[in-house]
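# Overview (structure and organization)
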Amino acid sequence: MRWSKALIPTHKEDPADAETVSHRLMLRAGLIRKLTSGVYNYLPLGWRAIRKVEEIVREEMDRAGCQEILMPVVSPAELWQETGRWGIYGKELWRVQDRNGRFFALGPTHEEIVTDIVRNEVRSYRELPFTLYQIQTKFRDELRPRFGVVRAREFIMKDAYSFHRDDDSLDETYRRMCDAYTRIFERLDLTFRPVEAATGAIGGSTSHEFMVLSDTGESEVIVCECGYAATDERAEGTVRPIETGESPLPLERIDTPDMKTIEEVSEFLGIEPWRLVKTIIYEADGRTVAALIRGDREVNEAKLGMALGADLVVPAGAETIEKVTGAPVGFSGPVGLEGVEIIADHTVEPLVNIVVGGNESDVHLKNVNPGRDFRTTEFHDIALIGRGDSCARCGKELDSFRGIEVSQAFKLGTKYSSCMKATFLDEDGVGKPFVMGCYGLGVSRTVAAIIEQHHDDDGIVWPTSAAPFDVEILAVNVKSDDVRQAAEVLYDELQAAGVAVLYDDRDDSPGTKFKDADLVGLPLRVTVGDRSLKRGVVEARVRRTGEQTDVPRDGAAQEIQRMLAALT
Ligand code: 9G3
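Residues numbered from 1 in each chain as written. Predicted model: local features only at pLDDT ≥ 70, side-chain atom pairs only at ≥ 80, totals over all residues. Heavy atoms only, no water.

## Things to note about the sheet that holds strand E19 (residues 354-357)
With antiparallel pairing, three strands are arranged side by side in an open sheet as E14-E20-E19. Only two strands of the sheet have a single neighbouring strand rather than two, namely strand E14 (252-255) and E19. The average angle at which neighbouring strand axes cross in this sheet is 30°, direction not considered. The pairing of E19 with strand E20 (residues 363-368) spans three bridges and is antiparallel. Counterpart to isoleucine 354 in the pairing with E20 is valine 368. (Pairing = 2+ DSSP bridges. Helix = DSSP H or I, 4+ residues; strand = E, 2+ residues; numbered from the N terminus. Axes fitted to C-alpha atoms, helices over the stretch in contact; angles between N-to-C directions.)

## Observations regarding the sheet that holds strand E4 (residues 74-76)
In spatial order, the strands read E4-E6-E5; together these three strands make up an open sheet with antiparallel pairing. Only two strands of the sheet have a single neighbouring strand rather than two, namely E4 and strand E5 (95-97). Across the sheet, the mean angle separating the axes of adjacent strands is 40° when strand polarity is ignored. With three bridges joining them, E5 and strand E6 (residues 103-106) adopt antiparallel strand pairing. Each bridged residue has a counterpart across the sheet, and for arginine 95 the counterpart in E6 is alanine 105.

## Here's the deal with the site of the ligand
Residues in close proximity to the ligand total 18 residues, the closest being Arg85, Thr109, Glu111, Arg140 and Gly440. In the model, an oxygen atom of the ligand is placed 2.8 Å from a nitrogen or oxygen of the arginine 85 side chain. A distance of 2.6 Å separates a nitrogen atom of the ligand from a polar side-chain atom of glutamate 111. Summarising the interface, the protein chains cover 92% of the accessible area of the ligand, which totals 520 Å² for the free molecule. Of all the secondary structure elements, the ones that give two or more residues to the shell around the ligand are strand E8 (154-164), strand E23 (399-413) and strand E26 (435-442). By residue class, the composition of the shell around the ligand is 10 nonpolar, three polar and five charged. (Near = heavy atom within 4 Å. Polar contact = N/O pair within 3.5 Å; in protein donor to acceptor, adjacent residues only side chain to side chain. Areas by Shrake-Rupley, 256 points an atom, 1.4 Å probe, with all protein chains shown as cover. Nonpolar A, V, L, I, M, F, W, Y, C, P; charged D, E, K, R; others polar.)

## Points about helix H7 (residues 262-269)
Ile262, Val265 and Ser266 are the residues of H7 that are buried. The buried residues of H7 occupy an angular sector of 95° when the element is viewed end-on, so they sit on one face. Opposite the buried face of H7, by more than 90 degrees, sit the exposed residues Glu263 and Glu267. Remark: glycine 270 follows H7 within two positions and exhibits a positive phi of approximately 65°. (Buried < 20%, exposed > 50% of the residue type's maximum accessible area, 1.4 Å probe, protein only. Arc of directions from axis to C-beta.)

## Describing the packing of aromatic side chains
With the rule as written, the count across this model stands at 12 aromatic pairs. Each ring, one from tyrosine 181 and one from phenylalanine 210, has its centre 5.4 Å from the other, and the planes form 80°; the classification is edge-to-face. Of this pair, tyrosine 181 sits in helix H6 (residues 167-187) while phenylalanine 210 sits in strand E10 (residues 207-213), and the two are 29 residues apart along the sequence. Taken individually, tyrosine 181 and phenylalanine 210 each receive the classification buried, so the pair is uniform in this respect. Among the aromatic residues, those joined into a ring-pair cluster are Phe130, Phe163, Phe424 and Phe434. Over the ring of phenylalanine 469 we find arginine 48, and its NZ or CZ is 3.9 Å from the ring centre. Between lysine 411 and the ring centre of tyrosine 174, over which it is positioned, the NZ or CZ distance is 4.8 Å. (Phe/Tyr/Trp six-rings, centres within 6.5 Å; stacked < 30°, edge-to-face > 60°. Lys NZ or Arg CZ within 6 Å of the ring centre and 35° of its normal.)

Set out below in structure tokens:
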């Protein structure tokens, strides 16, 4: 492709609203342009990178024995009502109406749709197992789209679904899909880790996420030197209990004018944050629940859901909090709290003389003692486990790193096939629900993750596997006939050999062109200039290492192909 004819709108400056390096570089290098919040155009370089990633995903999915299909983006609300998810998911499920006023979903994922195909087309255990996959645009109306295409409202995902007669067969495919993911991320030169993940509302028993290490990743991964790795939502560990041995003191009411946060109250009272126990009101599948946790910890909503046996747990709104506690947000407490279940993290149980909200505006209670001053339904492990806690496996201190979740695998079991009556006949002619697995990979998010891990101060440093082009030819001064002629010959010869070439034939200053070359970051740059031509050479430069070599002009196309092969 000739740069002078290409749409590659590069920018010298960092865009103001880009918080991560991949978002900044994808905008500056002209890969994407925002249409509206969370919705992006992929311009030529961005789209070529997407297609390179898709090709690798396709190869590995096909190698793993999956069959590619394409399902519709829109699906009728009735399907989602069969599984109850039309009601469970809120505004994140992007709902549209057709001309007759009927409701549809823009697909955030396709469990219902693929199960509908299979329940209509597959009858016998002899047809099992099989795995279908698609690479398609997904829609999730995120409350806070951010980080460019990493958390977008419209994005490209490979989603695969496997169908089995029993769990053993599912386990085998699950392993094979995780191996395929490992191959994909290794081929994309990504540093990643598979971690145990929470299954959440999707249901099913086991789930793994593949995390690409990145300081700006939204996921917190808890790891131990014993090899344990899990997302913070899923991580098990033990929080050291705090026992001070002090004896219970009489309960005291204290005025805490307009002091709502842990910091404000603990500072005002001169106490440690752990002594201030938070009371957080949740809606759990329609039930109102008060969760108590030490002031120095956070509630793990996935664990809270599991402890309550609830599918979806969301913090209650201000009006519910007022109704339930009789006080505005920030003054909730367990003492005298009627009409709601109270569940507490088990690290609250041994505490003595704690501070809690007084269920009255601007009031807290001091020297409160669990058991004496308030009742709890029960104590559970509902704390988010983090760095410094002890490993549930080996007891050693846990560490953590941030990552971008680029793919996930779920063992769904019969959750979808049962409620959609998708069954097959076994040897004895008995109808059984399919056992299912599903496996996602964020394609557009993976392109951003590659840039997160492959960049330097001058711009993107593409691994050859995902680079929009293999090589850039940079003609320093296109006004010189020598330069233009030599560059054109090289361009033709490389293209004829099947090399993907971006030829910067713009009539622009050398400075601009060199800066743009580093920004766009193709693996190999070949500079054609008068000075080097006088020496009968062109200059090849490897973007990753900066290593520069003079390549004789004659036979340059072959030598450049050899250098490319060495980079791959
Ligand atoms: C929804 C909405 C958002 C969602 C889901 C459903 C996430 C939902 C989980 C999955 C599980 C797997 C197949 C590919 C791999 C991931 N966000 N999930 O089910 F209605 Cl609005 O998507 N699906």
